[in-house]
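Coordinate analysis (summary)
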Amino acid sequence: MPRISTSPARTTWCRPCFQTLFPSWFAGFAFAAIAIGALVPAAVMSIGAANLFTRNFWKAYVDPGISHAGEAQVAKLTSLVVKVGALLVIVFLPTQFALDLQLLGGVWILQTLPALVFGLYVGWFRAPALLAGWAVGFFGGSWIVWQDGLKPLHALSFGGSTVTVYAGLLALAANIVVAVVVNLAVAPRVARTA
């Protein structure tokens, strides 16, 4: 299986390069630009998470009669909590944890593809089948990644040859197979007449 080098010499070339090639004031400016570039997507994701929480949880289950101003207030507070939580993760958890979580996130988000595509564009699938497929893909993909030491690539042996496959694709295949099998097993919908 090919290995990607994560040695400090290969992953931290930016800092010594900036410090060597540029004057100190410009290196500081460049580092600040990199930090700002990382904060923009984080802020967008924080606002998106706050809006999802406010509209899909707070308004639906906690306060159904909330005003627009109340929604904005809850969303602002939620966004602040998400940002503080992210800052605490950055400060107190090891960097490797963030990298492992990002790799797992790729496997997890891929498992929503069948539910979205088949649920929206293919009328044959039913919700229990798509949910069962998602659960198998989500937990199966997590288990594969865990078994491989939190690495996203999994080695499959066929006879005498070994093939390296992205764990998310294996989980996606299991997701689709389970969705089809459960869909065939679940009783068909009965069309209502008016």
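Below or above, wherever it landed, is the structure these notes cover. Counting starts from 1 at the beginning of each chain's written sequence and moves along it residue by residue. Where totals are concerned, whole chains, interfaces and linings use all residues; where local detail is concerned, this predicted model gives features only for residues with pLDDT of at least 70, and gives and counts side-chain atom pairs only at 80 or more. Hydrogens are left out, water is left out, and the side-chain values use all remaining heavy atoms of the structure.

**A word on the packing of aromatic side chains**
Each pair of aromatic rings taken from Phe, Tyr and Trp, with Trp reduced to its six-membered ring, is defined by centres within 6.5 Å and is described as stacked if the planes are under 30 degrees apart, edge-to-face if over 60, and tilted in the remaining cases. Evaluation of the coordinates by the stated rule reveals 11 aromatic pairs. An angle of 45° between the planes, with centres 6.2 Å apart, marks the rings of phenylalanine 53 and tryptophan 58 as tilted. The buried label goes to any residue with under 20% of its type's maximum accessible area, the exposed label to any with over 50%, and the partly exposed label to all in between, with areas taken from a 1.4 Å probe on protein chains only. The class of phenylalanine 53 is partly exposed, set by a relative accessible area of 30%. Linked through ring pairs, Phe22, Trp25, Phe26 and Phe29 together constitute an aromatic cluster.

**Focus on the pattern of salt bridges**
If the charged atoms of two oppositely charged side chains come close together, the side chains can form a pair. Whenever Lys or Arg places a side-chain nitrogen within 4 Å of a carboxyl oxygen from Asp or Glu, that contact is recorded as a salt bridge. One pass over the structure, following the stated rule, counts 2 salt bridges. Among the salt bridges present, the one from glutamate 71 reaches arginine 55, with a minimum N-O distance of 3.7 Å. In this pair, glutamate 71 is assigned in helix 4 (residues 68-92) and arginine 55 in helix 3 (residues 24-62), connecting sequence segments 16 residues apart. For lysine 59, the salt bridge identified is with glutamate 71, shortest N-O distance 3.1 Å. Of the two residues, lysine 59 is situated in helix 3 and glutamate 71 in helix 4; the sequence distance between them amounts to 12 residues. Classification of glutamate 71 as buried rests on a relative accessible area of 10%. Here the salt bridges share partners, and the residues they tie into one network are Arg55, Lys59 and Glu71. Under the scheme used here, helices are H or I runs from DSSP no shorter than 4 residues and strands are E runs no shorter than 2 residues, and both carry numbers assigned from the N terminus.

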